[in-house]
Amino acid sequence: QAQLVESGGGSVQAGGSLRLSCTASGIAFSLNIMAWYRQAPGKQRELVAVINTRGVTDYVDSVKGRFTISRDNAKNTLYLQMNSLKPEDTAVYYCNAKHYIVAIRTYWGQGTQVTVSS
């Protein structure tokens, strides 16, 4: 059974930092493109950051310079370091895995709430 388990969400004041973690089981973690998505109330889910199997990263413009996505294949864990948080970062953040060849094999975490107050 494939499972992604997220942790690290919470409430923080604007300008603060959080680090989200996503630990995977039941998948070949190193063969998966990993990503963080977020969804705010009334808005479409958006891709926040992605890291491919070779460690190449990309980010949505709104978080560039503030967020860093990374992975530790030995621990089957994905991270999102979030600095200089803004109220507009408030959302449920989801971990996603997609096999780099068999793209139909994609999995989602349960989501973790991030709330940034002003």
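Everything below is about the structure shown above.
These notes cover the structure that comes with them. All figures in this text were calculated on a predicted structure; none of them were measured in a lab.

## Describing the sheet that holds strand β1 (residues 3–7)
Here comes step 1: Strand order in the open sheet formed by 4 strands is β1-β3-β8-β7, with antiparallel pairing between adjacent strands. With partners counted over all chains shown, the strands left at the sheet margins are β1 and β7 (67–72), one partner each. For this sheet, the mean inter-axis angle between neighbouring strands, taken without regard to orientation, is 15°.
Here comes step 2: When strand β3 (residues 18–25) meets strand β8 (residues 77–82), the two strands line up antiparallel, connected through 6 bridges. Counterpart to Thr 23 in the pairing with β8 is Thr 77.

## What about the nonpolar core?
Here comes step 1: Ranked by size, the top nonpolar core spans 28 residues in total, and within it Trp 36, Phe 67, Ile 69, Leu 78, Leu 80, Met 82 and Tyr 93 carry the most contacts.
Here comes step 2: Elements that contribute at least two residues to this core include exactly β3, β4 (32–39), β5 (46–51), β7, β8, β9 (91–99) and β11 (112–117).
Here comes step 3: If we ignore the near neighbours within four places in the chain, the residues touching Leu 80 are Leu 18, Arg 19, Leu 20, Trp 36, Ala 49, Phe 67, Thr 68, Ile 69 and Tyr 93.

## Describing the environment of Met 82
Here comes step 1: Here Met 82 shows up in strand β8.
Here comes step 2: Here Met 82 falls in the buried class, since its relative accessible area comes to 0%.

About the cut-offs
- Residues numbered from 1 in each chain as written.
- Predicted model: local features only at pLDDT ≥ 70, side-chain atom pairs only at ≥ 80, totals over all residues.
- Heavy atoms only, no water.
- Pairing = 2+ DSSP bridges.
- Helix = DSSP H or I, 4+ residues; strand = E, 2+ residues; numbered from the N terminus.
- Axes fitted to C-alpha atoms, helices over the stretch in contact; angles between N-to-C directions.
- Core = buried A, V, L, I, M, F, W, Y, C linked by side-chain atoms within 4.5 Å.
- Buried < 20%, exposed > 50% of the residue type's maximum accessible area, 1.4 Å probe, protein only.
- Contact = heavy atoms within 4.5 Å.

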